[in-house]
Amino acid sequence: MRNLIAFFRRFRIFLFFALLQGIALTTYFNYLAYPRSQYLTTASAVSGQLLEYHNDIVKHFQLAYNNRKLQYENALLRKRLANSFIRVDNNTVLVNDTLNDQQYEYIPAVVINSTVNKRNNYFTLNSGWKKGIKRGMGVISANGIVGIIHNVSEHFSVVRSVLTENINIDVIVASNGIPGILKWNGMNAKIGSIASISNDLPIKKWSKIITSGGSGLFPRGLTVGKIKEYKMVEGKPLWDVSIYYSEDYRKIQNVYVIKNLLLKEQKKMESTIPSDIEDDIK
Amino acid sequence: MIEIIKHSVRFVLFLLAQAFIFNQLEIGLGIQLMVYPLFIFLLPLEINIFASMIVSFLLGFGIDMLSNTYGLHASSALILAYGRPYLVKLFEPRDGFDPGVELTVYTMGYAWFSYVFGIFLLAHTTWFFLIEQFKWSEFWYVLLKTVLGVPLSLGVCILIQFLFLKKPSKR
C-alpha cells in the first residue's frame, strides 16, 4: 500500500497529464465519429454567438462574389416564375396540380464559420432545429453540394462538409450514369475524389459529376464537379478518379438545407429489404 | 496579482486570435499558423505544473469549441505544458534564469528563443497533425505540413512579441 502511494506521489504529474490527455483524445475521436451533445462544438450557444459576431465582420470580404452568385440564381429562378411565361394555348384550364408532389424543400442558411485546410472540415450554419433542420439532412449551395448536417442545436448547426475524408455521398457520371462514392483526400479544397468506379467502365475527362439522389439526402442531378483525371488503382480493378468541385468552398456563404418530405417513406420501403440480401449487395 | 491579471488577459486574447484570425487564414499546402504555444511558453517559470497544464488544457479546449476540432488543440496544448519544464531545464543558461524572468525574445536573445521555441513548436505541430491525420500512409504529407508550418509560426510568434511586448529597460 505504501508503495502504491509512493508510486502515485512520484508519478503524479505524469498521471495527471495522462488523465487530461485521455479526456482530450477520447472527446476528439468520439466526436469525430458521432457527436453526442452540441456543447463542445460550434453549435453551442456561446461559440455560435461569437462566430456570428465574427461573421458579421468577415462576411463583407466576399460580398461582391456572393452577391453576383445570388443575383445569378435569382435570375434563374425568376425565369421559372409563372408570370414570366406567356400563355400559348388559351383553351386549357388551370387545375390544382396533382401530377407533381413536392418532394424537396429548401431552408436557407448562412455559413458563419468554415475551414478548408484541415483533414476534416466542418462548417457552422446560423440556423438550427427551430428552422426545421435535423441531423443527416443534405446541404447545397447555388453551385454545388456542400455536405451533410452533423449536429444541430436550437439556433445553429454544424455541417460535415464534402471536405471530410469519409463524406461518402453517392454520385454518378452525368453522361452515362456510372455510380461512385465521393471522398476527399485532404490535399486541396478544389479537388475531390470518387471511389469505387470499376475500371472496365469507360469514363471521360471533363465529364460532369452529379448527385444520384439514391440516399434521399440530395435531389438527383445536382452538380458536384467535373472529372479532372483518372488513374488505375494499383492491385484493384478500380479507377482512382479526381474531380474539380464546382463550388469554391473557400468563399462559400449562402447555402440551402434540403428537407426531403418523402424520406420517411423511402426509408420505410428500404427497410423491408431482408438484411441478408442487403449484405450480398454490399 | 498583477501577473495573474496579465496572463488572464493574454489567455483571452490568444484564444480569440487563434480561433478567429489564425485558424481562418488559408495559406495553402495545409499550413496552419499556431500562435497559442507562445502563451504557454510565456507562462511564468515558477508556475505550478498542474496549474499550467489546466490552463493550457482550457485554452486548447476553448479553441476547439470555436473551430470544431473537438479536443485536438487541447491535446497538443497539454503536451506543451507537460514538456515545457523539461525543455527549459535542458536549455538553461549556465548561470540559471533570473528570478521572475519571462522567456521572451528580448530577455533571452534571438538565437536562444528561436532554437528553444522552435523545438517547442515542432513538437506541438507534429503531434497536432499526426493525431489529425491518424494514418501512417499520409506521413509524408504530415511532414510537409509540419516543416512548412513551423518556421512560419515561429516568425509570426516573434513578430507578435515585437508588436505587443514592451522592451524591458536595460539594467
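Residues numbered from 1 in each chain as written. Chains lettered and ligands numbered in written order. Predicted model: local features only at pLDDT ≥ 70, side-chain atom pairs only at ≥ 80, totals over all residues.

Chemist: Help me understand the overall build of chain B, please; the structure alone is not making it clear to me.
Modeler: Of the regular secondary structure elements, chain B holds seven helices and zero strands. Listing each helix as α and each strand as β along chain B from the N terminus yields α-α-α-α-α-α-α. Against the compact-globule benchmark of 16 Å for 171 residues, chain B has a radius of gyration of 16 Å, which places it among compact chains. With the principal axes as the frame, chain B shows a C-alpha extent of 50 × 30 × 30 Å. Within the span of chain B, comprising 171 residues, buried residues form 37% of the whole. Relative to all contacts within chain B whose residues are 6 or more apart in sequence, the contacts with residues 24 or more apart total 71%. (Helix = DSSP H or I, 4+ residues; strand = E, 2+ residues; numbered from the N terminus. Rg over C-alpha atoms; globule rule 2.2 N^0.38 Å. Buried ≥ 20, exposed ≤ 12 C-beta atoms within 10 Å, placed from the backbone. Contact = placed C-beta atoms within 7 Å.)

Chemist: I'm lost on the nonpolar core in this one. Help?
Modeler: Grouped burial of nonpolar side chains is what soluble globular proteins tend to show. Within the largest apolar cluster, 89 residues are counted, with the highest numbers of intra-cluster contacts made by Val 146 and Val 159 of chain A together with Tyr 36, Ala 77 and Leu 78 of chain B. If you tally residues by element for this core, the top one is helix α4 (residues 72-90) of chain B, at eight residues. Once you skip the residues sitting within four places of it in the chain, Val 159 of chain A turns out to touch Tyr 122, Phe 123, Leu 125, Val 139, Val 146, Gly 147, Ile 148, Ile 149 and His 150 of chain A. (Core = buried A, V, L, I, M, F, W, Y, C linked by C-beta atoms within 7 Å.)

Chemist: Quick question: what am I supposed to make of the interface of chain A and chain B here?
Modeler: By a widespread convention, an interface's size corresponds to the accessible area lost as its parts come together. Across the boundary between the two partners, chain A contributes 27 residues, which contact 23 residues of chain B. Within the residue set of the side of chain A that touches chain B, elements represented by two or more residues are α2 (12-33) and α3 (45-58) of chain A. No other element matches α2 of chain A, which puts 11 residues into the side of chain A that touches chain B. In the side of chain A that touches chain B, the residues fall into 15 nonpolar, nine polar and three charged. (Nonpolar A, V, L, I, M, F, W, Y, C, P; charged D, E, K, R; others polar.)

Chemist: Can you help me understand helix α1 (residues 2-22) of chain B in this one?
Modeler: Along an α-helix, a turn takes 3.6 residues, which lines up residues three or four apart on a common side. Residues and elements named next belong to chain B. Taking 1.5 Å as the rise per residue, α1 with 21 residues should run 30 Å; its terminal C-alpha atoms sit 28 Å apart, in good agreement. Among the residues making up α1, those that are buried are Phe 14, Leu 15, Gln 18 and Ala 19. Buried positions in α1, seen along its axis, are confined to an arc of 105° and lie on one side of it. Exposed side of α1, more than 90 degrees from the buried face: Ile 2, Ile 5, Val 9, Val 12 and Ile 21 are the residues found there. (Expected span 1.5 Å × (residues − 1). Arc of directions from axis to C-beta.)

Chemist: Any chance you could explain the packing of helix α6 (residues 110-133) of chain B against helix α7 (residues 139-164) of chain B here in plain terms?
Modeler: Geometrically, a packed helix pair is captured by the angle between its two axes and the distance between the axes. All names here are of chain B. Two elements in contact, α6 and α7, have axes separated by 9 Å at closest approach and are oriented at 140°. Looking at the two axes, α6 sits oblique to α7. The interaxial crossing formed by α6 with α7 has right-handed handedness. On α7, the residues touching Ser 114, Phe 117, Gly 118, Leu 121, Leu 122, Thr 125, Thr 126, Phe 129, Leu 130 and Gln 133 of α6 are Val 142, Lys 145, Thr 146, Gly 149, Val 150, Ser 153, Leu 154 and Cys 157. A breakdown of the residues in the contact of α6 with α7 according to their chemical character gives nine nonpolar, eight polar and one charged. (Axes fitted to C-alpha atoms, helices over the stretch in contact; angles between N-to-C directions. Parallel < 35°, antiparallel > 145°, perpendicular 65-115°, else oblique. Left-handed = near helix turned anticlockwise from the far one by under 90°.)

Chemist: Could you clarify how one ought to interpret the sheet that holds strand β5 (residues 157-161) of chain A in this entry?
Modeler: Residues and elements named next belong to chain A. As summarised here, the arrangement of the six strands in space is β1-β2-β5-β4-β3-β12, forming a closed barrel in which the pairing is antiparallel. Averaged over all pairs of adjacent strands, the angle between strand axes in this sheet comes to 45°, irrespective of strand direction. Pairing between strand β2 (residues 122-125) and β5: four bridges, direction antiparallel. Along β5, the bridge assignment pairs Tyr 122 with Arg 160. (Pairing = 2+ DSSP bridges.)

Chemist: I'm lost on the packing of α2 of chain A against helix α3 (residues 49-67) of chain B in this one. Help?
Modeler: In the contact formed by α2 of chain A and α3 of chain B, the axes pass within 11 Å of each other and the chain directions differ by 10°. The orientation of α2 of chain A relative to α3 of chain B falls into the category roughly parallel. Only Ile 49, Phe 50, Met 53 and Phe 57 of chain B of α3 of chain B make contact with α2 of chain A, whose side of the interface consists of Ile 13, Phe 16, Phe 17 and Leu 20 of chain A. The class makeup of the residues in the contact of α2 of chain A with α3 of chain B is eight nonpolar, no polar and no charged.

Chemist: Quick question: what am I supposed to make of the sheet that holds strand β8 (residues 191-198) of chain A here?
Modeler: Sheets are built from strands that pair by backbone hydrogen bonding, the pairs being arranged parallel or antiparallel. Residue and element names in this part refer to chain A. Around the barrel, which closes on itself, the six strands sit in the order β6-β7-β8-β11-β10-β9 with antiparallel pairing between neighbours. Taken over all neighbouring pairs, the strand axes of this sheet differ in orientation by 40° on average, direction set aside. Pairing of strand β6 (residues 169-173) with strand β7 (residues 179-183) involves four bridges; the strand directions are antiparallel. Bridge assignment links Ile 172 to a residue of β7, and that residue is Pro 179.

Chemist: Looking at this structure, I do not really get the pairing of strand β12 (residues 254-260) of chain A. What am I missing?
Modeler: Consecutive side chains of a regular strand alternate in pointing toward one face of the sheet and then the other. Residue and element names in this part refer to chain A. Direction of pairing for strand β1 (residues 104-113) relative to β12: antiparallel, over a ladder of seven bridges. Among the inter-strand pairings, Tyr 106 is bridged to a residue of β12, identified as Ile 258. As defined by bridge partners, strand β3 (residues 138-141) adjoins β12 across four bridges and the pair is classed as antiparallel. Across the sheet, residue Val 139 finds its bridge partner in β12, namely Val 257.

Chemist: Explain unusual backbone geometry to me, please; I cannot follow it from the model alone.
Modeler: Most peptide bonds take the trans configuration, and most residues that are not glycine carry a negative phi. Residues and elements named next belong to chain A. The phi dihedral of Asn 168 is positive, around 50°, even though this residue is not glycine. Mapped onto the elements of the fold, Asn 168 is located in the loop between β5 and β6. Even without being glycine, Trp 206 reaches a positive phi, approximately 65°. Residue classification places Trp 206 among the exposed residues on the basis of 9 C-beta atoms within 10 Å.

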